[in-house]
Amino acid sequence: MKCRHCGAKVTQTFCDLASSPPSNAYLTTDTRDAAEQWVPLRTFVCGECFLVQTQDFHASSELFSSDYPYFSATSSSWLRHCEDYVAMISERLALTSTSLVVEIASNDGYLLQFVRARHIPCLGIEPTLSTAEAARAKGIEVVTEFFGLALANELREQGKSADLIIGNNVLAHVPDINDFLSGVGRLLKDDGVATFEFPHLLKLIEFKQFDTIYHEHYSYLSLLAANNLAKHAGLEIFDVDQLTTHGGSLRLYIQKKATGKRPISPNVAAVQTSESNAQLNDMKIYRDFQDRIYKIKYDLLTFLIEQRRQGKKVIAYGAAAKGNTLLNFAGVREDLISFVVDRSPGKINRYMPGSKIAIVSEDRIRAEKPDYIVILPWNIADEIEKQLKYVRQWNAKLVRAVPELCIW
Ligand SMILES: [Zn+2]
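Throughout, residues of each chain are indexed from 1 in the direction in which the sequence is written. Where totals are concerned, whole chains, interfaces and linings use all residues; where local detail is concerned, this predicted model gives features only for residues with pLDDT of at least 70, and gives and counts side-chain atom pairs only at 80 or more. To get the side-chain values, take all heavy atoms of the structure and skip hydrogens and water.

(A) Fine view of the coordination of the zinc ion. Coordination sphere of the zinc ion, protein contribution only: Cys3 (SG), Cys6 (SG), Cys46 (SG) and Cys49 (SG), at 2.3 Å. Around the zinc ion sit four donor atoms, and with donor-metal-donor angles ranging over 102 to 119 degrees the site reads as tetrahedral. In the primary structure, the donors to the zinc ion are separated according to the pattern C-x2-C-x39-C-x2-C. Per-residue accessibility, obtained with a 1.4 Å probe over protein chains only, is compared with the maximum for each type, and a residue is labelled buried under 20%, exposed over 50%, and partly exposed between these values. A relative accessible area of 0% means that Cys46 is categorised as buried. With water excluded from the atoms, a metal site may look incomplete; its donors are any N, O or S atoms within 2.8 Å, or within 3.2 Å for Na, K and Ca. All geometry calls rest on donor angles, where a four-donor set with angles between 85 and 135 degrees is tetrahedral, four- and six-donor sets with opposite donors more than 155 degrees apart and all others between 65 and 115 are square planar and octahedral, and all else is irregular.

Dropping the structure here:
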């Protein structure tokens, strides 16, 4: 296969998770017993530009373009993160009522609501109709299309240009990342800024976060790879923040190379140094990853089988996409984890894709008093632990599988 970015031949596997259904293809009572489409889930690394990327499936576009049911953002820590970001960036860029903020993949307006509250004009771009509707209900203007150079040109023709373009956890979702970044360059004002947040590949490797890999994520980025991508699109990374979200993310600050006037922050060199210390520019670290994640699978299965033998009840919390990657890679079914609890009304009474484990509401925890609760979205484990304080009344223990099996 050819690299999504530089076109070089890509042969080195980074992580092979066998195959699974798309991680957001939750089943209903009606579809539960129907055949599911299992698709290989394998990532490669390009030896030329070091972009980690999924295997390309021409047949998959149809599979992943369906309008999945809308799930509102329920994590309060994530909303707080977004509110803080908006406060910081509107001050840093001195945004006013004459500026324009564009968010790509604006979802239900979870972030732009904070921009709007500051009376700064904003525009959301969100191809999923049901989700865009939720944003419009908050009074946010939304374009329901995929973003790329074509849409950027269209918006330019309408006289729109952006002081700030925001993309949170969107770069990974873009199949044609070169076209996407060309669109960013086209839509930005000469002195405009784009910020992109994404889980840092360095953390994925260090903390074995293989469960953040799923079909809908086409690429996994280091600063090293992002630099190559930006340069190719005539852009320049002038600052970077290291964040704790999603197990360790980067927030890149990007300007147009030709017209941007902001000096390059020493933060950029600092992250570059940490990546070269970790040898992200050496293929060995990518080659060695698979063996490290097999250990997670074996430890989790050993634990679950042991509890089953002892007659203990084990359930899981959080029907997140990363939970599906973990459960399907490890081959866990409802004999080992009885059900998954989630707070999102859109997920309750559905089934996890692949494992077909039932998703139920939280009152089932009080009713059934499980011995162990496996927290699937480990990135918000602290928040979930607080929510689940009451399970200590019957001495239940919490469990996480990544980066290594931990029971407390
Ligand atoms: Zn490449």
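(B) Up close: the sheet that holds strand S13 (residues 340–341). In space, the six strands of this open sheet follow the order S14-S13-S12-S15-S16-S17, with mixed pairing throughout. Pairing within the sheet leaves two strands with one partner each, and these edge strands are strand S14 (359–360) and strand S17 (406–407). Strands are treated as partners if at least two bridges between them are detected by DSSP. Secondary structure counts use DSSP, requiring at least four H or I residues in a row for a helix and at least two E residues in a row for a strand, with both numbered from the N terminus. Strand direction decides the pairing type here: strand S12 (residues 314–317) and S13, joined by two bridges, are parallel. Residue pairing for S13: Tyr317 is matched across the bridge by Val341.

(C) Quick peek at the pattern of salt bridges. Take a side-chain nitrogen of Lys or Arg and a carboxyl oxygen of Asp or Glu: if they are within 4 Å of each other, that pair is a salt bridge. Tallied over the full model, the rule gives 19 salt bridges. Lys313 is the salt-bridge partner of Glu368, the closest N and O atoms lying 3.0 Å from each other. Here the residue Glu368 occupies a position in helix H13 (residues 363–368), and Lys313 occupies one in the loop between helix H11 (289–309) and S12, the gap between them amounting to 55 residues. Looking at Glu368, the relative accessible area reads 30%, which means it is partly exposed. Each of the salt bridges in this network shares a partner with another, and the network as a whole consists of Glu197, Asp241 and Arg251.

(D) Structural context of empty space enclosed by the protein. A 1.4 Å probe that fits but cannot get out identifies a cavity on a 1 Å grid over protein atoms alone, an open set with protein on both sides within 12 Å along at least five of seven lines counts as a pocket, and a residue lines either if it has an atom within 4 Å of a point. Grid points are joined across faces, edges and corners, and a volume is the space filled by probe spheres set on the points. Scanning all chains against the criterion turns up three cavities of 30 Å³ or more. Each pocket or cavity is described by its volume, and for the largest cavity that value is around 80 Å³. Residue lining of the largest cavity: Leu171, Ala172, Phe198, Pro199, Leu204, Thr212, His217, Ser219, Tyr220 and Leu221, and that is the complete set. Sorting the residues of the lining of the largest cavity by element identifies strand S8 (188–199) and strand S9 (219–220) as the ones contributing at least two each. Of the residues belonging to the lining of the largest cavity, the class tally is seven nonpolar, three polar and no charged. Quantified by volume, the second largest cavity comes out at close to 50 Å³. Mapped onto the lining of the second largest cavity, the elements with two or more residues apiece are helix H8 (223–232) and strand S11 (249–256). It is H8 that provides the largest number of residues to the lining of the second largest cavity, a total of three residues. Gly falls in the polar group here, along with every residue not listed as nonpolar (Ala, Val, Leu, Ile, Met, Phe, Trp, Tyr, Cys, Pro) or charged (Asp, Glu, Lys, Arg). Here the lining of the second largest cavity is composed, by residue class, of eight nonpolar, no polar and no charged.

(E) Seen up close, the packing of aromatic side chains. Stacked, edge-to-face and tilted are the three classes for Phe, Tyr and Trp ring pairs, Trp counted by its six-membered ring, which pair at centre distances within 6.5 Å; planes under 30 degrees apart are stacked, over 60 edge-to-face, the rest tilted. Enumeration over the complete set of coordinates arrives at 12 aromatic pairs. When the ring of Phe303 is compared with that of Tyr372, the centres are 5.1 Å apart and the planes differ by 90 degrees; the resulting orientation is edge-to-face. Taken together, the positions of Phe303 in helix H11 and Tyr372 in strand S15 (residues 372–375) put the pair 69 residues apart, joining distant regions of the chain. Summarising the burial analysis for this pair, Phe303 and Tyr372 share the class buried. Within the aromatic cluster, the residues linked to one another by ring pairs are Phe14, Phe50, Tyr286 and Phe289. Only lysine NZ and arginine CZ atoms are considered, and such an atom sits over a ring when it is within 6 Å of the ring centre and within 35 degrees of the ring normal. Over the aromatic face of Tyr351 sits the side chain of Arg32, whose NZ or CZ is 4.8 Å from the ring centroid. Over the aromatic face of Tyr390 sits the side chain of Arg366, whose NZ or CZ is 3.8 Å from the ring centroid.

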